[in-house]
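Chains, contacts and geometry: an overview
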Amino acid sequence: MGAATAFGAAFATAFAAGAFFAGARFAPDADALVAGTFFDGAFFVAGSAAFFAGAAFAGAAFAGAAFAGAFFVAGFAAVFVEGADFARGVFRSAITIACLCVPRNLWHARAHPANGAQHRTPGARRKPRTPQNDASPMFLPTPRPLPLEGASLTVLGVESSCDETAASVVCVDAAGAWVRSDVVATQVAEHAPYGGVVPEIAARAHLRAVGPVIERAVRDGGGWGAIDAVAATAGPGLIGALLVGLQAAKAVAWARGLPFVGVNHLAGHLLAPFTRVEGEAFTAPAFPFVGLLASGGHTAIYRCDDASTMRELGATRDDAAGEAFDKVAKMLGLGYPGGPVVDRLAARGDADAVTFPQALRGRSVEFSFSGLKTAVATHLGKHGPPATEQALCDLCAGVQRAIVETLVRKLLLAARLEGVPRVVLGGGVAANRGLRAHAAAECARAGVTLVVPPLRACTDNAAMIAYAGAVALRAGRLDGLDLDARASWPVG
Ligand code: KG4
Ligand code: ZN
């Protein structure tokens, strides 16, 4: 393990521990969470035994063992310095770190001998855990069962994959997925000076926000008594950022004895159009549909056959569409995030004044936006920065046209290739007025039905995670406290 990896792991461990503290404070009664010092001691011994057994079997876990060991030592020291309560917190976080660090395959192969063979095959899918077939070995205590099929299911969702800390309570019944609360704390101001998301700053900001955000979402969503399960984004995203929301959500689930499931962020985006707020105009897309997800971190097209069957048809080879907006805006000194500013300026510009190339124009559903950034840099190098306000608006209009036309052309191409006349927009770039107008015009021309969800459902939010969690739980999935965050995790 190199120094940089060890450094990163140390940070991740610290964030994970901090997030666990943030989540564990939602126990109905902090003392009921762990009944007395003896119980703590048992947890401590069991957690450390499991951890060091894992470390002994797999060298990769050894460095992790050192970090966890440091926590255990700190725990003992805390008994003398701070008293038993503080020490209990340290032990709890150490156990969670152990849960995080014990090599998953090893654990599952041992805990589920029947599944062991599958785990040794790289890429093999694990048999989904259900309350029936699995007592969730790393879930203490055993979570309470879900409401019966047919009854409403209320899920607390937590999202922290990028630069938004979000929590939401969604009640799923026969009439739809009702958003009871939807709290989003954005970090835009913290990243603005750097012209993009700084992972380390993101993780720290999530840590500060995650407790209060969950607290408000639960309060506004009807209180703890209303919640049947917890879901959190487990990937893809920035690993340090993901860890915070995931770890806090796991701790909340543990403290409250609720079932827990990790959710794919991209699947959440694709299901976002199904979340509804009372009184808000609502049009759910019919299955199957083709969805475009264009945000700061992702740009891809998916086919969705039902709420749990999704397939990627094509994605960007390099930059995401939102990233292209942001990078061009940075070059033009327009601040961060660039998309909304370029959108505003482009509305007053002439898109014919400057033409930028559109990559991969052929019959491919893949995107490439890195060339656009270079083309803008070349243009600025040749002509200098825009001399007038109008020249700036014209430049923005040209850039926006290149991005928007590419997105819509590929989306309609995918719909045609799949023989599916229904498309949906999602991701922060779906806020772009040029994209909305161009997509509406082109879809009308092609006889394709277009659904553009409200903005709250396009940008990162936790309602989509809560709903995706409800879908996963109803399909029989359940995760334990050992669930890892995944920086990359393709849909489907
Ligand atoms: O989905 P999102 O809120 O966060 C993630 O990246 O996951 O998307 C943020 C991205 C940023 O790159 C931002 O510049 C872009 O969406 N964006 C826009 C607009 N509003 C936000 N891009 C173009 N036009 C907009 N109006
Ligand atoms: Zn997103």
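Residues numbered from 1 in each chain as written. Chains lettered and ligands numbered in written order. Predicted model: local features only at pLDDT ≥ 70, side-chain atom pairs only at ≥ 80, totals over all residues.

Most of strand E1 (residues 153-159) is tucked away, with seven of its seven residues classed as buried. Residues Leu153, Val155, Gly157 and Glu159 line one face of E1 and the alternating positions Thr154, Leu156 and Val158 line the opposite face, and both faces are buried. Adjacent in sequence and paired antiparallel, E1 and strand E2 (residues 164-173) are bridged by four residues. In terms of strand pairing, E1 meets strand E4 (residues 229-235) through four bridges, oriented parallel. Bridge pairing in E4 links valine 158 to alanine 232. (Buried ≥ 20, exposed ≤ 12 C-beta atoms within 10 Å, placed from the backbone. Helix = DSSP H or I, 4+ residues; strand = E, 2+ residues; numbered from the N terminus. Pairing = 2+ DSSP bridges.)

Here we come to the packing of helix H13 (residues 338-346) against helix H15 (residues 389-418). In the contact formed by H13 and H15, the axes pass within 8 Å of each other and the chain directions differ by 115 degrees. With respect to their mutual orientation, H13 and H15 come out roughly perpendicular. As H13 runs across H15, the sense of the crossing is left-handed. Two secondary-structure elements touch here, H13 through Val342, Asp343, Leu345 and Ala346 and H15 through Leu392, Cys393, Cys396, Ala397, Val399 and Gln400. (Axes fitted to C-alpha atoms, helices over the stretch in contact; angles between N-to-C directions. Parallel < 35°, antiparallel > 145°, perpendicular 65-115°, else oblique. Left-handed = near helix turned anticlockwise from the far one by under 90°. Contact = placed C-beta atoms within 7 Å.)

Turning our attention to the pairing of E2. With respect to burial, E2 is a largely interior element, nine of its ten residues being buried. Direction of pairing for E1 relative to E2: antiparallel, over a ladder of seven bridges. Note on E2: the bridge partner recorded for leucine 153 is valine 172. Note that E2 and strand E3 (residues 176-186) share ten bridges and pair antiparallel. If you follow serine 168 over to E3, its bridge partner there is aspartate 182.

Attention now moves to unusual backbone geometry. Cis geometry marks the peptide bond from glycine 235 to proline 236; its omega dihedral reads -10 degrees. Tracing the backbone through its elements, the reader meets proline 236 in the loop between E4 and helix H10 (239-256). A cis amide bond links tyrosine 336 with the next residue in sequence, proline 337, at an omega value of -5 degrees. Looking at the element boundaries, proline 337 is found in the loop between helix H12 (321-331) and H13. Phi is positive for leucine 360, close to 50 degrees, though the residue is something other than glycine. Looking at the element boundaries, leucine 360 is found in the loop between H13 and helix H14 (370-383). According to the C-beta neighbour criterion, leucine 360 is partly exposed, with 18 such atoms within 10 Å.

This paragraph deals with the site of ligand 1. Around ligand 1, the structure places 20 residues, and the nearest of them are Gly296, Gly322, Gly339, Gly428 and Asn432. Contributing elements (two or more residues each) for the shell around ligand 1: H12 and H13. Looking at side-chain class alone, the shell around ligand 1 contains six nonpolar, ten polar and four charged residues. (Near = placed C-beta within 6 Å. Nonpolar A, V, L, I, M, F, W, Y, C, P; charged D, E, K, R; others polar.)

A few words now on the sheet that holds E3. One open sheet accounts for six strands, arranged E5-E4-E1-E2-E3-E6; its pairing is mixed. At either end of the open sheet lies a strand with only one pairing partner, and these are strand E5 (260-264) and strand E6 (275-276). With respect to the sheet, helix H9 (residues 199-220) is in contact with E1, E2 and E3, its orientation differing from that of E2 by roughly 25 degrees. Sheet strands in contact with helix H18 (residues 463-474) are E1, E2, E3, E4, E5 and E6, and its direction is about 130 degrees off that of E1.

Once that is clear, we can look at H10. In a regular helix each residue adds 1.5 Å, so 18 residues correspond to 26 Å; H10 covers 25 Å between its end C-alpha atoms and thus fits that length. Across the 18 residues of H10, 18 count as buried, placing the element largely inside the fold. Downstream of H10 by a residue or two, glycine 257 has a phi angle that is positive, lying close to 65 degrees. (Expected span 1.5 Å × (residues − 1).)

Residues Val170, Ala466 and Tyr467 are the most contacted members of the largest nonpolar core, which totals 129 residues. Ranked by the residues each element gives to this core, the list is headed by H15, at 15 residues. Taken together, domain 2 (131-281 + 455-492) and domain 3 (285-453) each give at least three residues to this core, which thus spans both. Other than its neighbours up to four places away in sequence, valine 170 contacts Val155, Gly157, Ala177, Trp178, Val179, Arg180, Thr275, Ala463, Ala466, Tyr467 and Ala470. (Core = buried A, V, L, I, M, F, W, Y, C linked by C-beta atoms within 7 Å. Domains from an automatic or database assignment.)

The topology assignment puts aspartate 479 in the segment after H18. Judged by local crowding, aspartate 479 falls into the buried class, with 27 C-beta atoms found within 10 Å. As a C-alpha pair, aspartate 479 and valine 263 span 216 residues in sequence and 9.9 Å in three-dimensional space.

Averaged over the chain, the pLDDT score is 83; the fraction of residues at 70 or greater is 72%. With pLDDT under 50 throughout, residues 30-41 is counted as low confidence; its partners more than four residues away or in other chains account for twelve contacts. (pLDDT = per-residue confidence, 0-100.)

Here we take up the sheet that holds strand E8 (residues 299-306). Taken in spatial order, the five strands make up an open sheet running E9-E8-E7-E10-E11, and their pairing is mixed. Of all strands in the sheet, those with a lone pairing partner are strand E9 (309-315) and strand E11 (449-451), marking the two edges. Neighbouring strand axes in the sheet, compared pairwise and without regard to direction, differ in orientation by 25 degrees on average. With three bridges joining them, strand E10 (residues 422-426) and E11 adopt parallel strand pairing. The residue bridging valine 424 from the neighbouring strand is valine 451, located in E11.

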